[in-house]
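# Residue-level structure breakdown
Chain by chain, the residues:
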Amino acid sequence: MMAAGEPAERAGLPRKILPIIEGLLLIAASVVPLVLADYLTVFATRVVILALFALSFDLVWGYAGIMSFGQALFFGSAGYGVALLARDLDITSILVVLPIGTLIGLALAILLGGFLLLGRQPSSVIFVALGTLTGAYAADRLGRGWYYLGGQNGIASISPMTFGSYEFAEGPVYYYLALGLLVIVYLFCRFLVRSQFGLALAGLRENEQRIAFFGYKAQHLKAIVFTVGGAIAGLAGSLYAFHEVFVWPDMVGVVVSTQVVLYVLFGGSGTLAGAVVGTAIVEGLSFWLSDNYRNIWPIILGVLLLLVILFRPLGLISFVLGERERVGRFGLTSKEKRNAAS
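Residues numbered from 1 in each chain as written. Predicted model: local features only at pLDDT ≥ 70, side-chain atom pairs only at ≥ 80, totals over all residues. Heavy atoms only, no water.

## Here we look at the confidence of the model for the protein
Predicted confidence across the protein gives a mean pLDDT of 85, with 87% of residues reaching 70 or more. Mean pLDDT across the elements of the protein ranges from a minimum in helix α15 (residues 334-341), with 53, to a maximum in helix α4 (residues 72-88), with 95. Taken together, the stretch residues 1-14 has pLDDT below 50 and engages in 17 contacts with residues farther than four places along the chain or on a different chain. (pLDDT = per-residue confidence, 0-100. Helix = DSSP H or I, 4+ residues; strand = E, 2+ residues; numbered from the N terminus. Contact = heavy atoms within 4.5 Å.)

Right under this line is the structure:
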């Protein structure tokens, strides 16, 4: 029998790496405003908000296998919604705009997910991918052609988000606000994917037909995850709009939708932490390369992304995270039970 207090790795049980990665990320993120210049703190805030957006896509694709090429539809629509509230109704309270932005993402995800995922016949991956892509493209064209939304110029000079008489300006306070929301959403997603619902999602991703045979309504599971992902993207879009004090058609279009796919591909899908790591690395590399190699930086970044996708298809996090922990641990294998008992 395993002695009390004996290390798990000596008993044949693998050490869990993911909690260590998550802890290191949280520590590093917590000290960012203390060690960086003000303009870099503003950049770091943008990265944190985009990481929140990347979480929404990783939840949808990495855990449910739904290739949403239109995730920016929820992100940008929420941004436009809160920008209109601030411009036309002078509503900027954080207690109003963030919940409304989240609800905008949620409502759009329900509408689009109901159309794409809840038909009489199960939807194929290609059908959903093209459907979400079409939705993002249509929203982009609508934004560019509708004068009320600012057309090509978007909506600029958005009033600061407020809490009572306090205004959230860019800087350390806004950074910690975004980081706090990222941590809360991350913990919620972690709880969700480690629950019984998450176990069903893991089975759905690996073998949808078998999950359906066990009595689960696979399409309903997908619709629920898709809706949750839309709500998280809406929250991120609301934060982004007030941080940038500007919304524009690209926020709802194909460009930003593709961008979030690259974040998750680069970091590693189906891990949540990989989405955060991928966002930080891609945005950091873009910032540094654009400053030092202004004429060719997109080419360099594209080559790096291509190399990672070709040689590490599970993302950079797969260098330190094993496949079993990446997919999910919902109990010990027979071998691990024998090792633990000996």
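## Concerning the environment of M161
Counting through the fold element by element, M161 comes out in strand β2 (residues 161-163). Accessibility expressed as a relative area gives 0% for M161, which makes it buried. Measuring from C-alpha to C-alpha, the distance between M161 and A86 comes to 8.6 Å, with 75 residues separating the pair along the chain. (Buried < 20%, exposed > 50% of the residue type's maximum accessible area, 1.4 Å probe, protein only.)

## Focus on the nonpolar core
L59, F75, M161 and L239 are the most contacted members of the largest nonpolar core, which has 95 residues in total. Sequence-distant contacts of L239, that is, excluding residues within four places in its chain, are made with I49, L52, L98, M161, Y174, L177, A178 and L181. (Core = buried A, V, L, I, M, F, W, Y, C linked by side-chain atoms within 4.5 Å.)

## Structural notes on the side chain of R190
Examined against the element boundaries, R190 turns out to sit in helix α7 (residues 172-194). Exposure remark for R190: the relative accessible area of 13% places this residue in the buried category. A distance of 2.9 Å separates a polar atom in the side chain of R190 from the backbone oxygen of T271. If we ignore the near neighbours within four places in the chain, the residues touching R190 are L18, E22, Y63, T271 and L272. (Polar contact = N/O pair within 3.5 Å; in protein donor to acceptor, adjacent residues only side chain to side chain.)

## So, the environment of A109
When you line up the elements, A109 lands in helix α5 (residues 94-117). On the accessibility criterion, A109 (0% relative accessible area) is buried. On a C-alpha basis, the gap between A109 and F74 in space is 7.1 Å, while along the polypeptide they are 35 residues apart. When residues no more than four places from it in sequence are discounted, the contact partners of A109 are F74, G114, F226, T227 and G230.

## Overview of the packing of helix α11 (residues 254-267) against helix α13 (residues 297-311)
At a minimum axis separation of 9 Å, α11 and α13 run at an interaxial angle of 50°. Considering their axes alone, α11 and α13 lie oblique with respect to each other. Seen from above, α11 lies across α13 with left-handed handedness. Facing L262, L265 and F266 of α11, the residues of α13 in contact are L304, L305, V308 and I309. (Axes fitted to C-alpha atoms, helices over the stretch in contact; angles between N-to-C directions. Parallel < 35°, antiparallel > 145°, perpendicular 65-115°, else oblique. Left-handed = near helix turned anticlockwise from the far one by under 90°.)

## A word on the packing of aromatic side chains
All chains considered together, the criterion is met by 11 aromatic pairs. Centroid distance F57 to W61: 5.4 Å. Interplanar angle 40°. Geometry classified as tilted. Taken as a pair, F57 and W61 lie in helix α3 (residues 38-62) at a separation of four residues, close to a single helical turn. Taking relative accessible area as the criterion, F57 reaches 0% and is therefore assigned buried. Look at Y175 and Y176: their rings are 5.4 Å apart centre to centre, the planes differ by 80°, and that puts the pair in the edge-to-face class. Residue classification places Y176 among the partly exposed residues on the basis of a relative accessible area of 34%. (Phe/Tyr/Trp six-rings, centres within 6.5 Å; stacked < 30°, edge-to-face > 60°.)

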